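Commentary on secondary and tertiary structure
Listed below, chain by chain, are the residues.
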Amino acid sequence: MTVLLCALAFLSLRAWPAPPGAPIRSQHERLSAGTEESLADVSEEVRLGRDVAARLLLRFGPCGRPALARYVDLVGRSLAENSSRPELSMHFVLLDSEEAATFAAPGGYVLITRGALESMRDEAELAGVLAHELSHVTRRHLGAELDRRGNSMERVSGLLRLLGTSPDAKHVALADRAEQSLDILLKSGLPREAEAQADRDAVMLSALTGYDPSGLQRWLERRSGLKDAKASALDRTHPPVRDRVGWIKDAIAQNGLEGRRLAAPLGRFWEAVNGPARPGE
Amino acid sequence: MKSVIAGFILATAGAFWPAGLRAEPILPWPTNLPTPSVYYVQSLKVQVRSGPSFSAPVLGTAGRGERLFSFSETGGWVKVWYKWREGYVPAIVLAMHPPFPKAGVAKAATESPRQLARRRLSAVSATPERGPARPDQSRPPADEKAAYAALERAEALGATPEELARFMAAPAR
């Protein structure tokens, strides 16, 4: 009897966790098998992102204010701690341009101009803008758009097979994708759905990090009132402000964020942008 | 003890039984129940709430890499089982795989085209039997379309993990 009871106990130990775990384990196995492949994809993504970021830096120039660049990096990386891509080392780069513009390059590169920063009023606005770009990075919006245009990794791989796998051949394929990426970022922009998703994500990411989720909305509304706003690449490549404000307001309402008091730090933002206040000011 | 060993042998004997004669496993998972999806927390930490809203009470905090079982998703929130209760987590911080490591990615991806060209040149100089390098191989190509040096300087300006921890812990002012 004891033998039978022990046999039953062992069988139940084997059988009980197995059925609910079976799909989980198979999913886990599939993911484990795909991990190396996924990491190789991520490496390619980072390589492309570095190339795009370096091209944008050449176009706009780096901003020579290390303290301000470090502050932007701190705000961006505190948001990135709540992102869904911990495998990416996020870099927030400050560009030297008076034009208000922000860019998301693949692989963790977010670039923002000095002009955009100087048109903001507090840290929550900066966080909202960076969170929007961070969403483009984590959701691989640029990569999806390149694939949609036919410059997919499969095509690049085919090209590499034709040219051989020398560093030069890889460089040519990478440069091709980087040029198209720049065209999207500076001229045609991402699809409307991607922008709507990034605005909704910006609300969530800001709230998760403890920032006022309406920061992006406030900045967009104020910028839309400026006379020269239409000249900016930001407006050429993004949907109309009225639509974007609508998406943001919907996200705030749907996620129970209306009327909630979250941080919009002013002091350290002004210190970073304008330098420490002098006595008597 | 003998009974335990005998029971173990009896229980595992089925594994060596011819496949055609093997019976259906006992205690099967009911087929009418939905299969749970498994999610892993990707953010540093996330509050699990009792409803799909930031205004819902907080049930607890889940950390990076924590596994959560879910049966449904609603409006950007994933309904999960958390400490034997129903909870909600923003979908934006979850993925269906454990968090990937950072180091392997960074190492594989930090070589610029210039560095690649240098590496190729060093390989050329290490094989004198191939003869002298062609004129076009004599120096790394000057990539006039990208500012890699400026990017490296900008990357170096980034805050250290300690500075980031201090910044995140500091009260907003």
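Residues numbered from 1 in each chain as written. Chains lettered and ligands numbered in written order. Predicted model: local features only at pLDDT ≥ 70, side-chain atom pairs only at ≥ 80, totals over all residues.

Along the chain, the position of L157 of chain B falls in the loop between α4 (148–156) and α5 (161–169). Assessed through the 20 C-beta atoms surrounding it within 10 Å, L157 of chain B is described here as buried. For the pair formed by L157 of chain B and P36 of chain B, sequence separation is 121 residues and the distance between their alpha carbons is 44 Å. What L157 of chain B contacts, discounting residues up to four positions off in sequence, is P66, A69, R70 and D73 of chain A. (Helix = DSSP H or I, 4+ residues; strand = E, 2+ residues; numbered from the N terminus. Buried ≥ 20, exposed ≤ 12 C-beta atoms within 10 Å, placed from the backbone. Contact = placed C-beta atoms within 7 Å.)

Our next topic: the pairing of strand β6 (residues 85–90) of chain B. Pairing between strand β5 (residues 77–82) of chain B and β6 of chain B: six bridges, direction antiparallel. In the sheet register, W77 of chain B faces β6 of chain B, and the bridge partner there is P90 of chain B. (Pairing = 2+ DSSP bridges.)

All names here are of chain A. A sheet is described by the order of its strands in space; here three strands give the open sequence β1-β3-β2, paired in mixed fashion. On the outer flanks of this sheet lie β1 (91–95) and β2 (102–105), each paired with one strand and no other. Taking each pair of neighbouring strands and ignoring which way they run, the sheet shows an average axis angle of 20°. (Axes fitted to C-alpha atoms, helices over the stretch in contact; angles between N-to-C directions.)

At a minimum axis separation of 10 Å, helix α3 (residues 66–80) of chain A and α5 of chain B run at an interaxial angle of 80°. When the axes of α3 of chain A and α5 of chain B are compared, the pair comes out roughly perpendicular. Across the interface between the two elements, L74, R77 and S78 of chain A of α3 of chain A pack against E163, L164, F167 and M168 of chain B of α5 of chain B. The class makeup of the residues in the contact of α3 of chain A with α5 of chain B is four nonpolar, one polar and two charged. (Parallel < 35°, antiparallel > 145°, perpendicular 65-115°, else oblique. Nonpolar A, V, L, I, M, F, W, Y, C, P; charged D, E, K, R; others polar.)

Now for unusual backbone geometry. The phi angle at R140 of chain A is positive, at roughly 55°, despite the residue not being glycine. Of note, R140 of chain A is situated in the loop between α5 (123–138) and α6 (141–148).

The subject of this paragraph is the nonpolar core. Formed by 88 residues in total, the largest nonpolar core has its most connected members in A53, L57, V110, L111 and L130 of chain A together with V89 of chain B. Per element, the largest residue contribution to this core is eight residues, and it comes from α5 of chain A. Shared between two domains, this core holds at least three residues of each, these being domain 1 (37–95) and domain 2 (103–169) of chain B. Discounting chain neighbours no more than four positions away, the residues touching A53 of chain A are V93, A105, Y109 and L111 of chain A together with L151 of chain B. (Core = buried A, V, L, I, M, F, W, Y, C linked by C-beta atoms within 7 Å. Domains from an automatic or database assignment.)

Looking now at the confidence of the model for chain B. In the predicted model, chain B carries a mean pLDDT of 74, and the fraction of residues at 70 or more is 55%. Scored below 50 in pLDDT, residues 104–109 of chain B shows 11 contacts in the model against residues more than four places distant or in partner chains. (pLDDT = per-residue confidence, 0-100.)

Structurally, L74 of chain A can be placed in helix α3. Distance in space between the C-alpha atoms of L74 of chain A and L205 of chain A is 15 Å, their sequence separation being 131 residues.

Residues and elements named next belong to chain A. With respect to the helices and strands, R236 occurs in helix α11 (residues 233–236). Residue class for R236 comes out partly exposed when judged on the 13 C-beta atoms lying within 10 Å of it. Between the alpha carbons of R236 and G189 there is a distance of 7.7 Å; along the sequence they are 47 residues apart.

All right, on to the confidence of the model for chain A then. Per-residue pLDDT for chain A averages 81, and the proportion of residues at 70 or more is 74%. Predicted confidence is poor over residues 11–33 of chain A, with pLDDT under 50, and the contacts of this stretch with residues over four places away or in other chains come to 14 contacts.

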